[in-house]
Amino acid sequence: AVRIRCDELELATLKSSGGGVLTLVGVDFQYLRLFTNQVKPFRRPFQVFGDWVFTSQDIMESLLLRRLSKSLVNTILTRLLIIQKGKSEAQVD
C-alpha cells in the first residue's frame with residue numbers, strides 16, 4: 001500500500017485544513033510510464049481510502065460537502081416519509 005500524509009488538502013470543491021492520510025491499496029505503479037502519455041501508469045484497478053480532518057469552516061465553504069450533506073438529508077427524509085406512509089396504510093386496513 002502507498003500512504004500519503006499531508007497537513008492540508010485543497011481542491012476546487014473540497015478543503016481539509018486539519019490534514020489527513022490517503023491510502024492506495026493494490027497499486028501496481030509504473031514510475032517510468034509517468035513520463036509518457038501513451039501508456040497508463042497504473043496496470044490494474046486499485047482502492048483509495050482517506051481519513052481527513054475537516055474544520056467547521058471547511059464544511060461551510062465546501063461545495064462538495066454541502067451537496068453531499070443535502071443529498072444525505074434528502075435521502076433520510078424521503079425514506080422516513082415512505083416508512084411513515086407504509087405504517088399509516090397498514091393501520092387503515
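Note that the structure is a prediction, hence the values are computed from the model and not measured.

Calculation criteria
- Residues numbered from 1 in each chain as written.
- Predicted model: local features only at pLDDT ≥ 70, side-chain atom pairs only at ≥ 80, totals over all residues.
- Heavy atoms only, no water.
- Helix = DSSP H or I, 4+ residues; strand = E, 2+ residues; numbered from the N terminus.
- Buried < 20%, exposed > 50% of the residue type's maximum accessible area, 1.4 Å probe, protein only.
- Contact = heavy atoms within 4.5 Å.
- Areas by Shrake-Rupley, 256 points an atom, 1.4 Å probe, with all protein chains shown as cover.
- Polar contact = N/O pair within 3.5 Å; in protein donor to acceptor, adjacent residues only side chain to side chain.
- Pairing = 2+ DSSP bridges.
- Axes fitted to C-alpha atoms, helices over the stretch in contact; angles between N-to-C directions.

Caption draft 1: Expanded view of the overall build of the protein chain. Counting secondary structure elements, the protein chain contains two helices and five strands. Counting from the amino terminus, the protein chain carries its helices and strands in the arrangement β-β-β-β-β-α-α. Here the protein chain, with 93 residues, has 14% of them falling under the buried criterion. Within the protein chain, residue pairs in contact and separated by at least 24 positions form 44% of the contacts whose partners lie at least 6 positions apart. Here the protein chain displays about 8000 Å² of accessible surface, and carbon together with sulfur accounts for 58% of that area.

Caption draft 2: The arrangement of the side chain of Ser16 in detail. Position of Ser16 among the secondary structure elements: in strand 3 (residues 15-16). Judged by relative accessible area, Ser16 falls into the buried class, the value being 0%. A polar side-chain atom of Ser16 sits 2.7 Å from the main-chain carbonyl oxygen of Val53. Every residue in contact with Ser16, bar those within four places of it in the chain, is listed here: Asp7, Glu8, Leu9, Trp52, Val53, Phe54 and Asp58.

Caption draft 3: The sheet that holds strand 4 (residues 20-25), seen in detail. Spatially, 1-4-5 is the arrangement adopted by the three strands of the open sheet, whose pairing is antiparallel. For this open sheet the edge positions go to strand 1 (2-6) and strand 5 (47-52), each flanked by a neighbour on one side alone. On average, each strand axis in the sheet is inclined to that of its neighbour by 15 degrees, with strand direction left out of account. Sheet analysis places strand 1 next to strand 4, joined by five bridges and oriented antiparallel. Looking at the pairing, Ile4 lines up with Leu22 of strand 4.

Caption draft 4: View of the pairing of strand 4. Sheet topology note: the strand 4/strand 5 ladder contains six bridges and is antiparallel. Bridging from a neighbouring strand, Leu22 pairs with Gly50 of strand 5.

Function-wise, these values are silent; they only describe arrangement.
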